Amino acid sequence: MTTETKSKRFSFEFDVFSLLTLAAVLYLAYSAHMTNMKNAEKLNGLLSKYEQTLDAAIANDKVTLDRYQKNVKKAVQSLSPKEKELMLALLEIDRKKNTL
């Protein structure tokens, strides 16, 4: 007489070491993510400050301002209608954000 045993498709074993490893990996991933977010925020602040300084320098130099405005007009003229529509929508959002 032979007895057949059904093999389980899924087996679950509680392993404390695996659980601790998973917790450590999740903590390290979260920690790295938060550090990256802080660094990105600092970088964004620096870029914003640089942009403001550059804008002020361009506005104070008549020749550079004229060249900049001509280049912007050329860039806008080279956009497709969809790209122009998107650009105008983004500028409107930015304008509303800056007036708040």
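Preceding this paragraph is the structure being described.
Attention in this report is confined to the structure presented alongside it. A quick note: this is a predicted structure, and the numbers were derived from the prediction, not measured.

Looking now at a nonpolar patch on the surface. Among the surface-exposed residues, Leu 19, Leu 22 and Leu 26 lie close enough to one another that they form a single nonpolar patch of about 300 Å² accessible area. With respect to the secondary-structure elements, Leu 19 resides in helix H1 (residues 16-60). Given a relative accessible area of 46%, Leu 19 falls into the partly exposed group.

The geometry of H1 relative to helix H2 (residues 62-77) is characterised by a closest axis approach of 5 Å and an angle of 110° between their N-to-C directions. Relative to H2, the element H1 lies roughly perpendicular. Residues Ile 58, Ala 59 and Asn 60 of H1 form the contact with H2, whose participating residues are Lys 62, Thr 64, Leu 65 and Tyr 68. Of the residues that constitute the contact of H1 with H2, the class distribution is four nonpolar, two polar and one charged.

Procedures and definitions
- Numbers given for residues are sequential positions, taken from 1 along each chain in its written order.
- Only residues with pLDDT of at least 70 are given local features in this predicted model, and only at 80 or more are side-chain atom pairs given and counted; all residues enter the totals for whole chains, interfaces and linings.
- Working from all heavy atoms in the structure, the side-chain values ignore hydrogens and water.
- Each patch is built from residues that are more than 30% exposed by relative accessible area and take part in no salt bridge. Like charges join if they lie within 9 Å; nonpolar side chains (Val, Leu, Ile, Met, Phe, Trp, Tyr) join within 5 Å.
- The Shrake-Rupley method, run with a 1.4 Å probe, gives the accessible areas here. Residue values count only the displayed protein chains as cover.
- Any carboxyl oxygen of Asp or Glu that lies within 4 Å of a side-chain nitrogen of Lys or Arg is treated as forming a salt bridge with it.
- Each helix is a run of DSSP H or I of at least 4 residues and each strand a run of E of at least 2, with the numbering of both proceeding from the N terminus.
- Three exposure classes are used, based on accessible area relative to the maximum for each residue type with a 1.4 Å probe and protein chains only: buried under 20%, partly exposed in between, and exposed over 50%.
- Lines are fitted to the C-alpha atoms to define the axes, a helix being fitted only along its stretch in contact, and any angle between axes, read from their N-to-C directions, falls within 0 to 180 degrees.
- Orientation labels follow simple angle bins: below 35 degrees gives roughly parallel, above 145 gives roughly antiparallel, 65 to 115 gives roughly perpendicular, and whatever is left gives oblique.
- Any two residues whose heavy atoms approach within 4.5 Å are treated as being in contact.
- Under the convention adopted here, Pro, Cys and the residues Ala, Val, Leu, Ile, Met, Phe, Trp and Tyr are nonpolar, Asp, Glu, Lys and Arg are charged, and Gly plus all remaining residues are polar.

Any link to function would need more than the numbers given here.
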